[in-house]
Amino acid sequence: MTLVNISGSREALDDVVLTCYEGGSFHPEIISAPQGKVSGFSALSEENPYTALLHRLETVCINAGIELKYDSKAGDALKAGEVEGYLDGFEGQLQEIGGRKKQLADSVKEYENAMTQLKHIEGMEDVSFEDIFSCKYLKVRFGRLPADSYSKLEYYSNKVFVFVPLDMREGEDYYWGIYFTTEEFAAEVDYLFSLLFFERLRIPDYVQGTPEHAMELLEQALDKEKAALAESNRELRKLIEGEQDKLL
């Protein structure tokens, strides 16, 4: 290593240091503030004007999954104002695709959960959800009830409700089923079943027909959403691959 000093106008400092740095063999030393003035000069003390921009660029790259590394073949540098505008545009595209991906992923999860839930009430073969939800004077709750709580329902035979078990599979300690009550007693009955550790199953509004028919519709919708999610993933990869070199 050879120690060298650079002298010149302060206005040219950025350009000179950048040129030396791009050469790959120049390593600036940390400058400590001198005691007193030296020939009228002192160590620079102001903040680096590019720090905030650099941090933003690093954050954008991390969010995009781009590994930060030195690129000796970097093209012409953009001015600070141009970098801001470029990052605004790139982040906007990332957020748009990312938001669409999240909506699709949430939709896929919702459909999968609905299908899992419907499997527990397949015993309701001859009744459609429209028939149940269109009842004018009844409140309907789907869900599961612990087996030991099911045995306690007889103690509440004077209450206004009917519980219909639909599924209890071997090895499980729950009865999947449905209970009916009236609007007048809904709050009281809901509280009673909460004390019995009833776990309510929310049937989405878009579920129609019998459980079997609903499962078919859900499978079709799920396949469609998964295909759209895969396309969004491809679009995101294409965007990042196309901009990675420029970002670095």
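Residues numbered from 1 in each chain as written. Predicted model: local features only at pLDDT ≥ 70, side-chain atom pairs only at ≥ 80, totals over all residues. Heavy atoms only, no water.

J.: I'm lost on the overall build of the chain in this one. Help?
T.: The secondary structure content of the chain amounts to seven helices and four strands. Ordering the α and β elements of the chain from the N terminus gives α-α-α-α-β-α-β-β-α-β-α. The buried share among the 248 residues of the chain stands at 26%. Of all intrachain contacts in the chain linking residues separated by at least 6 positions in sequence, the fraction that spans at least 24 positions is 76%. Carbon and sulfur atoms make up 51% of the accessible area of the chain, which totals about 17800 Å². (Helix = DSSP H or I, 4+ residues; strand = E, 2+ residues; numbered from the N terminus. Buried < 20%, exposed > 50% of the residue type's maximum accessible area, 1.4 Å probe, protein only. Contact = heavy atoms within 4.5 Å. Areas by Shrake-Rupley, 256 points an atom, 1.4 Å probe, with all protein chains shown as cover.)

J.: What's the story with the environment of K159 in this structure? I'm lost.
T.: Looking at the secondary structure, you find K159 in the loop between α5 (147-150) and β2 (162-167). Between the alpha carbons of K159 and T181 there is a distance of 9.2 Å; along the sequence they are 22 residues apart. Those residues in contact with K159 that sit more than four places away from it in its chain are E188 and L192.

J.: Explain the side chain of E225 here, please?
T.: With respect to the helices, strands and loops of the structure, E225 is situated in helix α7 (residues 211-247). Of the side chains bearing the opposite charge, K224 lies closest to the buried E225, which forms no salt bridge; the N-O distance is 6.0 Å. Reaching out from E225, the side chain makes a polar contact with the side chain of S107 at a distance of 2.8 Å. Look past the residues within four positions of E225 in its chain and what remains in contact with it is L104, S107, V108 and Y111. (Lys, Arg positive; Asp, Glu negative; His and termini not counted. Salt bridge = Lys/Arg side-chain N within 4 Å of Asp/Glu carboxyl O. Polar contact = N/O pair within 3.5 Å; in protein donor to acceptor, adjacent residues only side chain to side chain.)

J.: It is not clear to me how the nonpolar core should be interpreted in this structure. Could you clarify?
T.: Considering soluble globular proteins, one finds that nonpolar side chains tend to be buried as a cluster. If you look at the biggest cluster of nonpolar residues, it comprises 18 residues, and the most contacted ones within it are L118, F129, F142, I203 and L218. Elements represented by at least two residues in this core include exactly α3 (80-118), α4 (129-133), β1 (138-146), β3 (174-182) and α7. In terms of nonpolar packing, the next biggest core, distinct from the first, is built from 15 residues, A64, I66, F90 and L236 among them. (Core = buried A, V, L, I, M, F, W, Y, C linked by side-chain atoms within 4.5 Å.)

J.: Hey, could you run me through the pattern of salt bridges in this one?
T.: Oppositely charged side chains are able to pair whenever their charged atoms sit close together. Taken as a whole and judged by the stated rule, the model has 11 salt bridges. R100 is the partner of E96 in a salt bridge, and the nearest nitrogen-oxygen pair spans 2.8 Å. Of this pair, E96 and R100 are both found in helix α3, four residues apart, which corresponds to roughly one turn of the helix. The class for E96 is partly exposed, based on a relative accessible area of 43%. Among the salt bridges present, the one from K159 reaches E188, with a minimum N-O distance of 3.0 Å.

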